[in-house]
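Here is how the chains run, residue by residue.
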Amino acid sequence: MADSAYTFSGAERERELERLRRIEDVADPASWHLLKASGMGPGWSCLEVGAGAGSIAAWMAERVGSEGEVVAIDLDAGFLDATQLPGVRIIEGDIRELNLHAARFDVVHARYVLVHSPDYEALLDAMVAALKPGGRLVVEEPDFTAAKGASGADIEAFERVNRSIVAMFEAGGKDPGIGLRLPALLTARGLALELVETEVPLCHGGHALAEIMSLSAVQLRDKYLATGLVSEEDLAGYARFAADPRAWGIYYGAVGVVARQPAKTAPPSAYTPHAG
């Protein structure tokens, strides 16, 4: 049965805020790069979907200036501090249910949103509908199927937990490798790909990405155990692996895409090809 709940719903608030801020530290530079590649600049109207703790929305507001617009939407806006987000309109809700489909945004950005929903097709449809003609959709998603241990004393536990992560997503009707499908999903909606970037970082224990995944394992402990693929000792081994500077592994891959909404529907061509 599909599980429509956000994967980290119910997580302890302070620990979840720490996780979100650590993700910002690691992932924001790649997001900035993609958004700059989209052409985003002064006066643009921007929508941040799944705004988390708000770092990208704040960066957008600085870049578009007082003549621009930034809307930040999240199912749980409790981590967004309005006092720290001048120029950002905060909305708590689901983009599929809100009246944001007026083709009004120059750029729509979402990072690690689709992987948490079995209804990712409808989420993408809503994002595309929010774009102006000629607007850019910037989407970043992980590929957890790329996870693989390279070396380390607890590599077997690391591999078992990786398999449980994939199984957890699949059990909820979610796609753990959705990053791999982004280009096809966007072109199927008539968008033109402008940039596709991939990264599969090999990290040592103690790396910021390893620490994030170790923290996630603490928060999602019960869900990992519920797959039946791991034990408490495996989870302890995963934590040791993530902390051991001699252990190396790939925790997940990442795919980032910039795609353009067609400026307008072209009229039928009067030209008739012929053999000559």
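Refer to the structure presented above.
Quick look at the structure, then.

Cut-offs and rules
Along every chain, residues carry numbers that run from 1 in the direction the sequence is written. Side-chain atom pairs in this predicted model are given and counted only at pLDDT of 80 or more, local residue features only at pLDDT of at least 70, and totals for whole chains, interfaces and linings cover all residues. Water and hydrogen atoms were dropped before computing side-chain values, which therefore reflect all heavy atoms in the structure. Helix and strand labels come from DSSP, where a helix needs a run of H or I of at least four residues and a strand needs a run of E of at least two; each type is numbered from the N terminus. Each residue's exposure class comes from its accessible area (1.4 Å probe, protein chains only) as a fraction of the maximum for that residue type: buried when under 20%, exposed when over 50%, partly exposed otherwise. Two residues qualify as a contact provided that any one of their heavy atoms is within 4.5 Å of a heavy atom in the partner residue. The term polar contact refers here to a pair of N or O atoms within 3.5 Å; inside protein, the definition further demands a hydrogen-donor-capable atom paired with an acceptor-capable atom, and it admits residues adjacent in sequence only when both atoms are side-chain atoms. For two strands to pair, DSSP has to find at least two bridges joining them. Angular values range over 0 to 180 degrees, each being the angle between N-to-C directions of two axes fitted as lines to C-alpha atoms, with helices fitted over their stretch in contact. Think of a nonpolar core as a cluster: buried Ala, Val, Leu, Ile, Met, Phe, Trp, Tyr and Cys residues, connected wherever their side-chain atoms sit within 4.5 Å. Reported orientations rely on four angle classes, namely roughly parallel under 35 degrees, roughly antiparallel over 145, roughly perpendicular from 65 to 115, and oblique for the rest. A clockwise turn of the near helix away from the far one marks a right-handed crossing, whereas an anticlockwise turn of less than a right angle marks a left-handed crossing. What makes a salt bridge here is a side-chain nitrogen of Lys or Arg within 4 Å of a carboxyl oxygen of Asp or Glu, nothing more. Any Phe, Tyr or Trp ring, taking Trp's six-membered ring, that has another such ring centre within 6.5 Å forms a pair; planes under 30 degrees apart are called stacked, those over 60 apart edge-to-face, and the others tilted.

## Here we look at unusual backbone geometry
Positive phi outside glycine occurs at tyrosine 112, with the angle close to 55°. In this structure, tyrosine 112 sits in the loop between β4 (105-111) and α3 (120-129).

## Describing the environment of arginine 63
Positionally, arginine 63 belongs in helix α2 (residues 55-64). Relative accessible area serves as the criterion here: at 33%, arginine 63 is assigned to the partly exposed category. Along the primary structure arginine 63 and methionine 40 are separated by 23 residues, whereas in three dimensions their C-alpha atoms are 7.7 Å apart. Those residues within four positions of arginine 63 in sequence are excluded, and the remaining contacts are Lys36, Met40, Gly41 and Pro42. Within the structure, arginine 63 has its side chain in polar contact with the backbone oxygen of methionine 40 (distance 2.9 Å).

## Some words on the sheet that holds strand β5 (residues 131-143)
Spatial ordering of the open sheet is given by β3-β2-β1-β4-β5-β10-β7, a layout of seven strands whose pairing is mixed. The sheet is open, and its two edges are formed by β3 (88-92) and β7 (192-199), each paired on a single side. Taken over all neighbouring pairs, the strand axes of this sheet differ in orientation by 15° on average, direction set aside. Sitting on the sheet, helix α1 (residues 13-37) is in contact with β4, β5, β7 and β10 (253-260), with an inclination near 150° to β4.

## Focus on the nonpolar core
Ranked by size, the top nonpolar core spans 55 residues in total, and within it Leu47, Val108, Leu114, Met127, Leu137, Tyr224 and Tyr251 carry the most contacts. Top element by residues in this core is helix α4 (residues 155-171). It accounts for seven residues. For valine 108, the residues in contact, after removing those within four places along its chain, are Leu47, Val49, Met127, Ala130, Leu131, Arg136, Leu137 and Val138. Counting 21 residues, the second-largest nonpolar core is a separate cluster that includes Leu34, Met40, Trp44 and Val64.

## Here's the deal with the packing of α1 against helix α6 (residues 208-219)
Helix-helix packing: each pair is described by the crossing angle between the helix axes and the interaxial distance. Relative orientation of the contacting elements α1 and α6 amounts to 155°, with a least axis distance of 10 Å. With respect to α6, the element α1 is oriented roughly antiparallel. For the pair α1 and α6, the crossing hand works out as left-handed. On the side of α1, the interface is formed by Arg15, Glu16, Glu18, Arg19, Arg22, Ile23 and Val26, while α6 contributes Ala208, Leu209, Glu211, Ile212, Leu215, Ser216, Val218 and Gln219.

## Here's the deal with α2
The buried fraction of α2 amounts to seven of the ten residues, a majority that puts the element mostly inside the structure. Taken together, the buried positions of α2 are Ser55, Ile56, Ala57, Trp59, Met60, Ala61 and Val64. Buried residues along α2 sit in contact with α1, β1 (45-49), β2 (69-74), β3 and β4.

## Points about the pattern of salt bridges
Side chains that differ in sign of charge can pair as their charged atoms come close. Within this structure, the stated rule accounts for 19 salt bridges. With a closest N to O distance of 2.8 Å, arginine 19 and glutamate 16 form a salt bridge. Pair noted here: arginine 19 and glutamate 16 are both in helix α1, with a separation of three residues, about one helical turn. With respect to burial, arginine 19 and glutamate 16 carry one shared label: buried. For arginine 260, the salt bridge goes to glutamate 194, with nearest N and O atoms at 3.0 Å. In this pair, arginine 260 is assigned in strand β10 and glutamate 194 in strand β7, connecting sequence segments 66 residues apart. Residue classification places glutamate 194 among the partly exposed residues on the basis of a relative accessible area of 36%. Taken together, the shared-partner salt bridges in this structure form one network comprising Glu18, Arg22 and Glu211.

## Topic: the packing of aromatic side chains
Scanning all chains against the criterion turns up eight aromatic pairs. Here the aromatic rings of tyrosine 112 and tyrosine 252 are separated by 6.1 Å at their centres, their planes lie at 90°, and the arrangement is edge-to-face. Taken together, the positions of tyrosine 112 in the loop between β4 and α3 and tyrosine 252 in the loop between β9 (248-250) and β10 put the pair 140 residues apart, joining distant regions of the chain. An identical accessibility class is assigned to tyrosine 112 and tyrosine 252; each is buried. With centroids separated by 5.0 Å and ring planes inclined at 80°, the aromatic side chains of phenylalanine 158 and tyrosine 251 adopt a geometry described as edge-to-face.

## Side note on the sheet that holds β9
Here we have three strands laid out as an open sheet, ordered β6-β9-β8, and antiparallel in their pairing. Of all strands in the sheet, those bounded by a partner on one side alone are β6 (148-151) and β8 (202-204). For this sheet the average axis-to-axis angle between neighbouring strands, irrespective of direction, equals 30°. Sheet analysis places β8 next to β9, joined by three bridges and oriented antiparallel. If you follow cysteine 203 over to β9, its bridge partner there is glycine 249.

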